[in-house]
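Listed below are the residues making up each chain.
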Amino acid sequence: MDIKATIGDLAAKITGDAAMKEKFEKDPAGTVKGLVGNIPPEQLQSITEGIKAKINLDKFGGALGGLGGLFGGNK
């Protein structure tokens, strides 16, 4: 299993669906397990943490992009 690709795919699915995003926020491991199926606990933990990091990084990047417009970066 390509964990990096799996994290990217699942993060896109989760952020693209408000109900799934809410479910992930309440039960991250359960949501990932439901999407991926039966996987070893260490992979489940790695994927769950990777998705959390990616979602937070995407939020942070979006906020910084918006700030760029304040300083003439995004015209």
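Our structure's up above, just so we're on the same page.
Residues numbered from 1 in each chain as written. Predicted model: local features only at pLDDT ≥ 70, side-chain atom pairs only at ≥ 80, totals over all residues. Heavy atoms only, no water.

Side note on helix α3 (residues 28-36)
Part 1 of the reasoning: Among the residues making up α3, those that are buried are Pro-28, Thr-31 and Val-32. All buried residues of α3 fall inside an arc of 95° around its axis, so they share one side.
Part 2 of the reasoning: After α3 finishes, the residue Gly-37 shows a positive phi value of roughly 100°. (Buried < 20%, exposed > 50% of the residue type's maximum accessible area, 1.4 Å probe, protein only. Helix = DSSP H or I, 4+ residues; strand = E, 2+ residues; numbered from the N terminus. Arc of directions from axis to C-beta.)

As for helix α1 (residues 3-15)
Part 1 of the reasoning: Relative to the 18 Å expected for 13 residues at 1.5 Å per residue, α1 spans 18 Å between its end C-alpha atoms, a close match to the ideal helical length.
Part 2 of the reasoning: Every buried residue of α1 is listed here: Thr-6, Ile-7, Leu-10, Ala-11 and Ile-14. Down the axis of α1, the buried set is contained in an arc of 130°. They therefore lie on one face. Pointing more than 90 degrees away from the buried face of α1 are the exposed residues Lys-4 and Asp-9. (Expected span 1.5 Å × (residues − 1).)

Here's the deal with the packing of α1 against α3
Between two packed helices, both the angle of their axes relative to each other and the distance between the axes serve to describe the pair.
Part 1 of the reasoning: At a minimum axis distance of 12 Å, the contact between α1 and α3 shows a crossing angle of 105°. Of the possible angle classes, the one that applies to α1 and α3 is roughly perpendicular. Mapping the contact onto sequence places Thr-6, Leu-10 and Ile-14 in α1 and Val-32, Leu-35 and Val-36 in α3. (Axes fitted to C-alpha atoms, helices over the stretch in contact; angles between N-to-C directions. Parallel < 35°, antiparallel > 145°, perpendicular 65-115°, else oblique. Contact = heavy atoms within 4.5 Å.)

Digging into the nonpolar core
Part 1 of the reasoning: Counting residues in each nonpolar core, the largest one holds eleven residues, listed as Ile-7, Leu-10, Ala-11, Ile-14, Phe-24, Val-32, Ile-39, Leu-44, Ile-47, Ile-51 and Ile-55.
Part 2 of the reasoning: Where this core is concerned, the elements lending two or more residues are α1 and α4 (41-70). (Core = buried A, V, L, I, M, F, W, Y, C linked by side-chain atoms within 4.5 Å.)

Things to note about the pattern of salt bridges
Part 1 of the reasoning: Under the counting rule described, the total for this entry stands at two salt bridges.
Part 2 of the reasoning: Put simply, Lys-26 and Glu-22 hold a salt bridge, and the shortest N to O gap is 3.1 Å. Pair noted here: Lys-26 and Glu-22 are both in helix α2 (residues 18-26), with a separation of four residues, about one helical turn.
Part 3 of the reasoning: For Lys-26, a relative accessible area of 66% gives the class exposed.
Part 4 of the reasoning: Note on Glu-22: relative accessible area 42%, which makes it partly exposed.
Part 5 of the reasoning: Among the ionic pairs, Glu-49 bridges to Lys-52, the shortest N-O distance being 3.5 Å. Note that Glu-49 and Lys-52 are positioned in helix α4 at a spacing of three residues, about one turn of the helix.
Part 6 of the reasoning: Exposure remark for Glu-49: the relative accessible area of 43% places this residue in the partly exposed category. (Salt bridge = Lys/Arg side-chain N within 4 Å of Asp/Glu carboxyl O.)

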